[in-house]
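# Secondary and tertiary structure notes
These are the residues of each chain, in order.
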Amino acid sequence: QVHLVESGGGLVQAGGSLRLSCAASGRTFSSYAMAWFRQAPGKERESVATISWSGDSTYYLASVKGRFTISRDNAKKMVYLQMNSLKPEDTAVYYCAATVGPPGVAAPEYDYWGQGTQVTVSS
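Each chain has its residues counted from 1, running along the sequence as written. The model is predicted, so local features are restricted to residues of pLDDT at least 70 and side-chain atom pairs to those at 80 or more, both for listing and for counting; the totals for chains, interfaces and linings are taken over all residues. Side-chain descriptors were evaluated using all non-hydrogen atoms of the structure, hydrogens and water having been removed beforehand.

Of note in this structure, K77 is not a glycine but carries a positive phi near 55 degrees. We count a stretch as a helix when DSSP gives it H or I for four or more residues in a row; a strand needs E for two or more, and each element gets its number in order from the N terminus. Tracing the backbone through its elements, the reader meets K77 in the loop between β7 (68–73) and β8 (78–83). Throughout, exposure labels follow a simple rule: accessible area from a 1.4 Å probe, protein chains only, divided by the maximum for the residue type, with under 20% read as buried, over 50% as exposed, and the rest as partly exposed. Since its relative accessible area comes to 27%, K77 is described here as partly exposed. Look at S85: it is not a glycine, yet its phi comes out positive at around 50 degrees. Along the polypeptide, S85 turns up in the loop between β8 and β9 (92–99).

Here's what the structure looks like:
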């Protein structure tokens, strides 16, 4: 079992930066692949970035590549999403998710979810 709690969302102007954090509980956190998803109003939940259990393999949605960076600290049971050069189209609720399987990009592949944190980018 893994319990996930996101933080770090907020309101930022276009071009600004935010760092999202995801705190995990559970003894086997390092065994889980992790991901950040986002969901904007009226849109489907999409995978923004994923990271393997070891941190040596990552994936990024094409529209965020070069602007967002996912990382993890297994000792602290934390996952981060550094978001730079934010755009209004990045506005969404961002969710942290964990899976015992490989870090896929489909939401049904993930076993555990946080409650989400709102990111709003103004133009």
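Picking up after the structure, the text goes on.
Within the fold, L18 resides in strand β3 (residues 18–25). Given the relative accessible area of 15%, L18 is considered buried. Sequence spacing of L18 and S85 is 67 residues, and the spatial spacing of their C-alpha atoms is 9.3 Å. Whether two residues touch is decided by their heavy atoms; if any such pair falls within 4.5 Å, the residues are in contact. The residues touching L18, leaving out its near neighbours within four places in the chain, are G8, G9, G10, V12, L81, Q82, M83, L86 and V119.

Looking at the secondary structure, you find R38 in strand β4 (residues 33–39). Judged by relative accessible area, R38 falls into the buried class, the value being 6%. Between N or O atoms, a polar contact is any pair within 3.5 Å; within protein, one atom must be a potential hydrogen donor and the other a potential acceptor, and residues adjacent in sequence are included only when both atoms are from side chains. Side chain to side chain, R38 and E46 meet in a polar contact 2.8 Å long. Here the side chain of R38 touches D90 through a polar contact of 2.9 Å, side chain to side chain.

So, on to the sheet that holds β7. By definition, two strands form a pair when at least two bridges between them are found by DSSP. Pairing is antiparallel across the open sheet formed by four strands, whose spatial order is β1-β3-β8-β7. Of all strands in the sheet, those bounded by a partner on one side alone are β1 (3–7) and β7. Ignoring strand direction, the axes of neighbouring strands in this sheet form an average angle of 15 degrees. Sheet analysis places β1 next to β3, joined by five bridges and oriented antiparallel. Note on β3: the bridge partner recorded for L4 is A24. Only the stretch in contact is used when fitting a helix axis, every axis being a line fitted to C-alpha atoms; angles between N-to-C directions are given from 0 to 180 degrees.

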